[in-house]
Amino acid sequence: MCNNDFTTYMKRHQRSNLCLKLYKELKDSNRLHPILQQLKNSVEEKKKGQKSFSQWKEPVYAMESIVYKGATIYIIVHNNSSYDIVFNTTPIGDSKMEFIQIGDDLKTKTIIYTQHVLDRYNQRIHRNSLKSNIDILKHLLVNNPIKSQFSIDERTKRSVAKLNEGFIWGVRDKRHQCIVVTTFYNNAARKDKKEQRLARTIYEKMTELSSIQIAMYNALRKQLFDKIITEDEYECLLMQHRLQIN
């Protein structure tokens, strides 16, 4: 097994490309599917167990970490059947953490989470109560299984996505098809700007969908991303199932 070390000598887009390569290998070799299926089964069992309780419930999810060719990968399945694949790409010897999430958009193939966005999320939502970076990232993803697609200002490349708990902001790298997320604002942190309004509108449309519709929407986006279906097929299926968000 070869070892893939993420180093400071690699540019961010190079680490991003390596994550995409490893993700494709896992998917094409059918190593990813059994893990996802096991986690989905775990989520369903947890959901059944929660039905007997009427009080406020913790988010339902299942998570597993694996090491593939030296890279640590976190796989998270949410209660709406969507899932996240996240690589720990922190360069060797660097005190600042970095995580790269595989995207579900042909124009945004990866989302890069910096130390700063983790720190701001922990500060503004959890009052710095979370002690490890992976715990912060887990809460950010698990507490916000639904997020809008990124709204992007083509002039400045500033990008924003709406989450349940607030907004994540970053900068789009159009050439390398990634977004570097740099900070987090909660809902009350500032008034909506143009990009926030667009992201909020998309998010609100998504929250109007049923859990089955959300699961279908997420599945179609993944199929498009993995080139299982074409863009024309994707648009046709969205229209057929009344899942058009934009």
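Per chain, the residues get numbers from 1 upward, laid out in the order the sequence is written. In keeping with the model being predicted, local features are shown solely for residues with a pLDDT of at least 70 and side-chain atom pairs are shown and tallied solely at 80 or more, while totals for entire chains, interfaces and linings include all residues. In computing side-chain properties, one takes all heavy atoms of the structure into account and sets aside hydrogens as well as water.

Examining the packing of helix α3 (residues 115-126) against helix α4 (residues 133-142)
How two helices sit against one another is set out by the angle between their axes and by the gap between those axes. Angular values range over 0 to 180 degrees, each being the angle between N-to-C directions of two axes fitted as lines to C-alpha atoms, with helices fitted over their stretch in contact. The numbering of helices and of strands both runs from the N terminus, where a helix is a DSSP run of H or I of at least 4 residues and a strand a run of E of at least 2. Direction vectors running N to C along α3 and α4 enclose 70°, while the axes themselves pass 10 Å from each other. In terms of their interaxial angle, α3 and α4 are classed as roughly perpendicular. Pair α3 / α4 crosses with left-handed handedness. In contact with Q115, L118, Y121, N122 and H126 of α3, α4 contributes N133, I136, L137, H139 and L140. Under this grouping Gly is polar, as are all residues other than the nonpolar Ala, Val, Leu, Ile, Met, Phe, Trp, Tyr, Cys and Pro and the charged Asp, Glu, Lys and Arg. Among the residues making up the contact of α3 with α4, the classes are represented as 5 nonpolar, 5 polar and no charged. An angle counts as roughly parallel when it lies under 35 degrees, as roughly antiparallel when it exceeds 145, as roughly perpendicular when it falls between 65 and 115, and as oblique in every other case. Crossing handedness is defined as follows: a turn of the near helix away from the far one that is anticlockwise and smaller than a right angle gives a left-handed crossing, while the clockwise case is right-handed. Whether two residues touch is decided by their heavy atoms; if any such pair falls within 4.5 Å, the residues are in contact.

Considering the pattern of salt bridges
Every case where a carboxyl oxygen of Asp or Glu lies within 4 Å of a side-chain nitrogen of Lys or Arg is listed as a salt bridge. Scanning all chains against the criterion turns up 13 salt bridges. When the shortest N-O distance is used, the salt bridge between E98 and R12 registers 3.2 Å. Of the two residues, E98 sits in the loop between β3 (83-88) and β4 (99-105) while R12 sits in helix α1 (residues 12-28), which places them 86 residues apart along the sequence. For every residue, the accessible area obtained with a 1.4 Å probe (protein chains only) is divided by the maximum for its type, and the residue is called buried under 20%, exposed over 50%, and partly exposed between those limits. The buried category is assigned to E98, whose relative accessible area is 4%. Owing to a relative accessible area of 38%, R12 belongs among the partly exposed residues under this scheme. Between E25 and K69 there is a salt bridge whose closest N-O contact spans 2.9 Å. Remark: K69 occurs in the loop between β1 (61-68) and β2 (71-78) and E25 occurs in helix α1; sequence separation between them is 44 residues. Given the relative accessible area of 21%, E25 is considered partly exposed. By sharing partners, the salt bridges in this structure join R12, R15 and E98 into a single network.

Comments concerning helix α6 (residues 211-225)
Its 15 residues place the ends of α6 21 Å apart at the C-alpha level, agreeing with the 21 Å of an ideal helix rising 1.5 Å per residue. Along α6, the positions that sit buried rather than exposed are I214, Y217, N218, L220, R221, K222, L224 and F225. Residues of α6 that are buried make contact with α1, β3, β4, β5 (108-113), α5 (194-207) and α7 (231-240). In this scheme, a helix's expected span is set at 1.5 Å multiplied by one less than its residue total.

Let's talk about a negative patch on the surface
Together, E231, D232, E233 and E235 give the surface a local cluster of negative charge. Along the chain, E235 falls in helix α7. Relative accessible area serves as the criterion here: at 42%, E235 is assigned to the partly exposed category. The patch calculation keeps residues exceeding 30% relative accessible area without a salt bridge and links them within 9 Å when they carry like charges or within 5 Å when they are nonpolar (Val, Leu, Ile, Met, Phe, Trp, Tyr). What sets the accessible areas is the Shrake-Rupley method with a 1.4 Å probe; for residues, cover comes only from the shown protein chains. None of His or the chain ends enter the tally, which takes Lys and Arg as positive and Asp and Glu as negative. Here the site of a charge means NZ on Lys, CZ on Arg, CG on Asp, or CD on Glu.

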